[in-house]
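# Commentary on secondary and tertiary structure
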Amino acid sequence: MDHHRTWLADSVNLEEEARGDLLQPFCLQLEQKAHRRYQLLDTFDWSIWQQGEILLYNQTQGEGRSYELWQRGDFFSGTPSQVVPHSGQKHRFWWEFTSLAGSGLQKQLKRSCKLRALLELHPFELDQLRYAVKNEDQKSVAWLEQITLHGKSENQGVRRVLRLVPVRGYERELKKLQKKIQQAGFPLYDGALLEEHLIDSEKFPAQYQSKPSIVITEEDPVREVVLRYMRSLLSVSRENEAGIIDDLDIEFLHDYRVSLRRIRSIISLVSKIFSVEETRWLKKEFAAIGKKTNLLRDLDVYLLEQENYRALVPPVLSGGVDELFESLTLDRKRELSRVRRWLRSAGYRKRLEYMQQRLTGTAETLGTGVRSEQPVLQVASLEISKKFHKIGKLGNKIDSSTSDEEVHDLRLECKKLRYLLEFFGGLFAKKSLNKAVSVLKKLQDNLGRFNDLSVQQESLERFLQDHQQQQSTLSAAVGGLISALSREQREERMRVTENFALFYSPENRQLYAQMVDAGLVNKEVGKSASKGEQA
Amino acid sequence: MKIVACYSIKGGVGKTATAINLAYAAAQDGLRTLICDLDPQGASSYYFRVRPSTKLKADTFFTRRDRLVRNIKGSDYPRLDILPANLAYRDFDQMLAGMKKSRLRLSQLLHSLSDEYDLVVLDCPPNITILSENIFHASDQVVVPVIPTTLSQRTFSQLLGFYKESNLKRKSLLPFFSMVEQRKRMHNEVRQDMRKAYKRFLQSEVPYSVDVENMGVTREPLLVTQPRSPAALAFTQLWRELKQRSNGVSQGELKGAKDGD
Ligand SMILES: Nc1ncnc2c1ncn2[C@@H]1O[C@H](COP(=O)(O)OP(=O)(O)OP(=O)(O)O)[C@@H](O)[C@H]1O
Ligand SMILES: [Mg+2]
């Protein structure tokens, strides 16, 4: 918006008030009156909004429905960057924007939405009055617009502004008009109209974050910091329950599980902060909850691979791949209703509420351990340093003869290090942290693919065993898939040595040593990483 | 950027009426359009309710792009701007006569606006002057309203003659019949004659109509006030035909390949 030409006009309506003398000697002539009905579409995590864009479904009567993509800063004062006419069933995923006109939009949505579904987050309406500001020759010297946003009902979340739009060559008149509006007592407005309307309507853009960020300082006692984390993570999990039950997209389950996994790992990565029995209880509880959705997640992942699998087998076997996926789709349906029932059950609800209550974490609820009161920086530095060193040791042993098992172990340790960096990253210099994460991520991606490929093979083998009596195209297709996957897996495996070498390079060791230096009480631990290299 | 002039040696034939309606049609068609009122009388400025500017001096008009740009004003319609008339334009010829490359000045000036506009429409004063020679050089199309009378027939031959002498591209000269009255026998005869003699005549004909005269009262293009009136439809048709011609699809040109000009 043009800041010095937009005014807040919440209590005025040009249509009703005596607008006659507002701009004397100029007069106003109504040129256009528009009323639009919109639905704000975005993913659960507002990914389009966070890209600086707004996706709207224009459902104004008599205007032909359409999708409109706006740059956030242009909203109302400019024009949408994309308009795609659309009638019929609304699209839920980026890949459904298949119309020719929609290909540009599809590309943009693919980038922001990924696997996420578009949800109808908020319906709102926009009233626009456009007046020509006329001089004594009845020539327009500017446009005055009144823009009103409100929710479904006329008085919900009402936001109104006046906006002067200049006409070229009438700068002097524009200045006069600005002054007149100013003098009439309208305050200048430089806010974001839609955002304010949303907040008024209790819709908070981008409030959901799958990775909670909490503020920590070096001196905070570690037990308290960990509890804060666990509470945020558990509420992230719970925010996803409804989306899993409604099966909106598979990212709800994913985020639900990742949060639980983060909780489990923080418990085991930061030991001795609760009492021994309580720690054991926490681990057991969270493991049990997590397990309930393993199968559903596995099925989600397979179904995602559908296209890839198809590309892996020769066309003659594609019928077999179809059968495979039909069968998996059925399995998923069955599994989803099981998970749904479980999430809706009173037993589950009570159990989770109880956990949440325990995590409020007074000394009485979870007990204390010997490290409870240690400053978080000290504990974090020690754990990161130890983990880095441990990975170094494991990785150094890996050569072409090492078993896959050991590669998997390496993957698990890397994951733990990643969590540590995530949890405690806020304590370290941003630059070093980012560097550390990016090197680690490269190794992890490699190991992750390696692991995915072996998990997929195993499950296909299991599938073969379960469906032994079925016709040969299916088994041939699955057999073909397994061998293709195993080839890919060998290739991934070959890259591990190289990526590990980067991770455990003298440069990276130096980086970690510097990072943890301030927090280490026993400096020997930090150095042992460099000793590992000579061994 | 394309430049279209509405020009005629004769006065009062409908140049201004054509210029403003063509400019409006083009802007509605999506082109960023500038109409330049080159006539010190300021008729098209009047129709757009813009007062003639007093600041611009004849000598700076051709030399100072920034001064010119500062005088451009937005019309009441999207994508359509206007450079209003200026009394100083009366001194154009005297001014131009003293300049080097005096016939190419306007072309240079207008092309300096090419990143702002897709089309410039020139509303020209009558007569042949150094300014009009500038106009001929600058314009991709010179649209000439011709009232179908024997007198107009003569002035049009004069114009053709001038083009020939001055070695100008006669292809860009596009006459059309203006203020046509079907009831008048002379109008019909002259039309037939002239079409036979000059193959590039535009097909569109603008009828004589009080609606056009009324523009003086409404001070808006006819296409705004009465878009479905016969004269308005004729202007729209004229715009379409010009567009086609500039894309090189011209029936006249196809037929008149061996046209002896
Ligand atoms: N098709 C028409 N039917 C009736 N009247 C017309 C038509 N076209 C123009 N007129 C009227 O004729 C007069 C002259 O028209 P216009 O100003 O457009 O011509 P011009 O060639 O620009 O004149 P000038 O040489 O004075 O600039 C105006 O009063 C106008 O309203
Ligand atoms: Mg004129």
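Here the structure is a predicted model, which is why all the values come from computation and not from measurement.

Cut-off values and rules
- Residues numbered from 1 in each chain as written.
- Chains lettered and ligands numbered in written order.
- Predicted model: local features only at pLDDT ≥ 70, side-chain atom pairs only at ≥ 80, totals over all residues.
- Heavy atoms only, no water.
- Near = heavy atom within 4 Å.
- Polar contact = N/O pair within 3.5 Å; in protein donor to acceptor, adjacent residues only side chain to side chain.
- Areas by Shrake-Rupley, 256 points an atom, 1.4 Å probe, with all protein chains shown as cover.
- Helix = DSSP H or I, 4+ residues; strand = E, 2+ residues; numbered from the N terminus.
- Nonpolar A, V, L, I, M, F, W, Y, C, P; charged D, E, K, R; others polar.
- Core = buried A, V, L, I, M, F, W, Y, C linked by side-chain atoms within 4.5 Å.
- Buried < 20%, exposed > 50% of the residue type's maximum accessible area, 1.4 Å probe, protein only.
- Contact = heavy atoms within 4.5 Å.
- Domains from an automatic or database assignment.
- Buried area = accessible area lost by both parts, 1.4 Å probe.
- Salt bridge = Lys/Arg side-chain N within 4 Å of Asp/Glu carboxyl O.
- Axes fitted to C-alpha atoms, helices over the stretch in contact; angles between N-to-C directions.
- Parallel < 35°, antiparallel > 145°, perpendicular 65-115°, else oblique.
- Left-handed = near helix turned anticlockwise from the far one by under 90°.
- Disulfide = S-S within 2.5 Å.
- Arc of directions from axis to C-beta.
- Lys, Arg positive; Asp, Glu negative; His and termini not counted.
- Phe/Tyr/Trp six-rings, centres within 6.5 Å; stacked < 30°, edge-to-face > 60°.
- Lys NZ or Arg CZ within 6 Å of the ring centre and 35° of its normal.
- Patch = residues over 30% accessible without salt bridge, like charges linked within 9 Å, V, L, I, M, F, W, Y side chains within 5 Å.
- Charge placed at Lys NZ, Arg CZ, Asp CG, Glu CD.
- pLDDT = per-residue confidence, 0-100.

Right, let's talk about the site of ligand 1 for a bit. All names here are of chain B. Taken together, 16 residues lie around ligand 1, and Gly14, Lys15, Thr16, Ala17 and Ser209 are the ones closest in. Within the backbone of Gly14, one N or O atom sits 2.9 Å away from an oxygen atom of ligand 1. Contact with the protein chains hides 79% of the accessible area of ligand 1, taken as 620 Å² for the molecule alone. If you list the elements that add at least two residues to the shell around ligand 1, you get α1 (15–28), β8 (205–207) and α10 (210–218). With three residues, α1 is the largest single contributor of residues to the shell around ligand 1. Class assignment of the residues belonging to the shell around ligand 1 gives a composition of eight nonpolar, five polar and three charged.

Among the nonpolar cores identified, the biggest contains 99 residues, and Met230, Phe286, Phe424 and Phe503 of chain A are the most heavily contacted of them. Non-local contacts of Phe286 of chain A, meaning those with residues more than four positions away in its chain, are made with Met230, Leu234, Leu260, Ile263, Arg264, Ile267, Met355 and Leu359 of chain A. With 61 residues, the next largest nonpolar core counts Leu162 of chain A together with Leu174, Ala231 and Ala234 of chain B among its residues.

All names here are of chain A. Split into domains, chain A comes out as domain 1 (5–200), domain 2 (209–374) and domain 3 (375–535). For domain 2 versus domain 3, the distance between C-alpha centres works out to 21 Å. With 30 residues of domain 2 in contact, the opposing surface of domain 3 contributes 32 residues. Summing both sides of the interface, domain 2 and domain 3 together bury roughly 2,900 Å²; the carbon and sulfur share of this comes to 69%. The three residues of domain 2 that bury the most area against domain 3 are Glu218, Leu269 and Leu312, which together make up 20% of that side's buried surface.

Residue Pro25 of chain A follows Gln24 of chain A across a cis peptide bond; omega there is 0 degrees. Structurally, Pro25 of chain A can be placed in the loop between β1 (6–8) and β2 (27–42). With phi around 65 degrees, Arg49 of chain B is a residue other than glycine that occupies positive phi space. Topologically, Arg49 of chain B is positioned in the loop between α2 (43–47) and α3 (58–61). One non-glycine residue, Arg79 of chain B, lies in positive phi territory at about 65 degrees.

Moving on to the interface of chain A and chain B. On the chain B side, the residues contacting the 11 residues of chain A number 14 residues. Summed over both partners, the interface of chain A with chain B buries about 1,000 Å², with 36% contributed by carbon and sulfur atoms. Among the residues chain A hides against chain B, the three largest losses belong to Asp137, Lys139 and Arg168 of chain A. Together they make up 62% of the total. On the surface where chain A and chain B come into contact, there are six salt bridges. Residue Asp76 of chain B is joined to Lys134 of chain A by a salt bridge in which the shortest nitrogen-to-oxygen separation is 3.1 Å. The interface formed by chain A and chain B includes 10 residue pairs in polar contact (both at pLDDT 80 or more). For the side of chain A that touches chain B, the class distribution of residues is three nonpolar, three polar and five charged.

This part takes up the packing of helix α15 (residues 404–424) of chain A against helix α17 (residues 472–503) of chain A. All names here are of chain A. Where α15 contacts α17, the axes come no closer than 12 Å and their chain directions differ by 50 degrees. In this view, α15 runs oblique relative to α17, as classed from their interaxial angle. The handedness of the crossing between α15 and α17 comes out as left-handed. Residue-level inspection shows Asp404, Val407, Leu410 and Leu417 of α15 in contact with α17, the latter providing Gln489, Arg493, Val496 and Phe503. Classifying every residue of the contact of α15 with α17 by side-chain character gives five nonpolar, one polar and two charged.

Another aspect to go through is the environment of Val222 of chain A. With respect to the secondary-structure elements, Val222 of chain A resides in helix α5 (residues 222–239). Setting aside residues no more than four positions away along its own chain, Val222 of chain A makes contact with Val270, Ile273, Arg371, Ser372, Gln374, Val376 and Val379 of chain A.

Residue and element names in this part refer to chain A. Per the stated rule, a full pass over the model turns up 44 salt bridges over all chains. Residue Lys90 pairs with Glu120 through a salt bridge whose shortest N-O separation is 2.5 Å. Taken as a pair, Lys90 in the loop between β5 (82–85) and α2 (103–113) and Glu120 in strand β6 (residues 119–134) lie far apart in primary sequence, 30 residues in all. For Lys90, a relative accessible area of 26% translates into the label partly exposed. On the basis of relative accessible area, Glu120 is assigned to the partly exposed category, the value being 47%.

In this section: the packing of α1 of chain B against helix α12 (residues 230–246) of chain B. Residue and element names in this part refer to chain B. Closest axis-to-axis distance for the α1/α12 pair is 9 Å, and the angle between their directions is 70 degrees. Comparing the axis directions of α1 and α12 gives the class roughly perpendicular. Once α1 is placed against α12, the crossing between them reads as right-handed. On the side of α1, the interface is formed by Ala17, Thr18, Asn21, Leu22, Ala25 and Ala26, while α12 contributes Phe235, Leu238, Trp239 and Leu242.

Before going further, it helps to examine the state of the cysteines. The final tally for this structure, using the stated rule, is zero disulfides over all chains. Cysteine Cys124 of chain B remains unbridged, with the sulfur of Cys6 of chain B as its closest cysteine sulfur at 7.1 Å.

Bringing α10 of chain B into the picture now. Residue and element names in this part refer to chain B. Taken residue by residue, α10 has Asp211, Val212 and Met215 as its buried positions. Projected onto a plane normal to the axis of α10, the buried residues spread over an arc of 100 degrees and lie on a single side. Set apart from the buried face of α10 by more than 90 degrees, the exposed residues are Val210 and Val217. Looking at the packing, one finds that the buried side of α10 touches α1, α2, α11 (222–225) and α12. Phi for Arg219, located one or two positions after α10, is positive at around 55 degrees.

Turning our eyes to something else, we now look at the side chain of Glu251 of chain A. Residues and elements named next belong to chain A. With respect to the element layout, Glu251 can be found in helix α7 (residues 251–269). Among buried Asp, Glu, Lys and Arg side chains, Glu251 stands out as unpaired, with Arg297 the closest opposite charge at 4.6 Å. Filtering out sequence-adjacent residues up to four positions away, Glu251 remains in contact with Leu115, Arg116 and Asn240.

Time to look at the packing of aromatic side chains. According to the stated counting rule, one finds 32 aromatic pairs over all chains in the structure shown. Centroid distance Phe48 of chain B to Tyr77 of chain B: 6.2 Å. Interplanar angle 65 degrees. Geometry classified as edge-to-face. Here Phe48 of chain B is found in the loop between α2 and α3, whereas its partner Tyr77 of chain B is found in the loop between β3 (73–74) and β4 (80–83), with 29 residues between them in sequence. This pair shows no difference in class: Phe48 of chain B is buried, exactly as Tyr77 of chain B is. The ring of Trp281 of chain A has Arg358 of chain A sitting right over it, with the charged end atom 4.5 Å from the ring centre.

For the rest of this paragraph, the subject is a negative patch on the surface. All names here are of chain A. Residues Glu405, Glu406, Asp409, Glu458 and Glu461 make up a contiguous surface patch of negative charge. With three residues, the top contributor of residues to the negative patch is α15. Positionally, Glu461 belongs in helix α16 (residues 430–466).

Let us look at the environment of Ile48 of chain A. Residues and elements named next belong to chain A. Structurally, Ile48 can be placed in helix α1 (residues 47–50). Note: C-alpha distance between Ile48 and Gly395 (347 residues apart in sequence) is 40 Å. In this structure Ile48 touches Leu41, Asp42, Glu53, Ile54, Leu55, Leu69, Leu109, Ser112, Cys113 and Leu118, once residues within four positions along its chain are discounted.

The predicted coordinates of low-pLDDT regions are not to be read in fine detail. All names here are of chain B. Per-residue pLDDT for chain B has a mean of 90; in total, 94% of the residues score no lower than 70. Low pLDDT, under 50, characterises residues 249–261; the predicted model gives this stretch 11 contacts beyond four residues in sequence or across chains. For this predicted complex, the interface score ipTM comes out at 0.86, alongside a pTM of 0.80.

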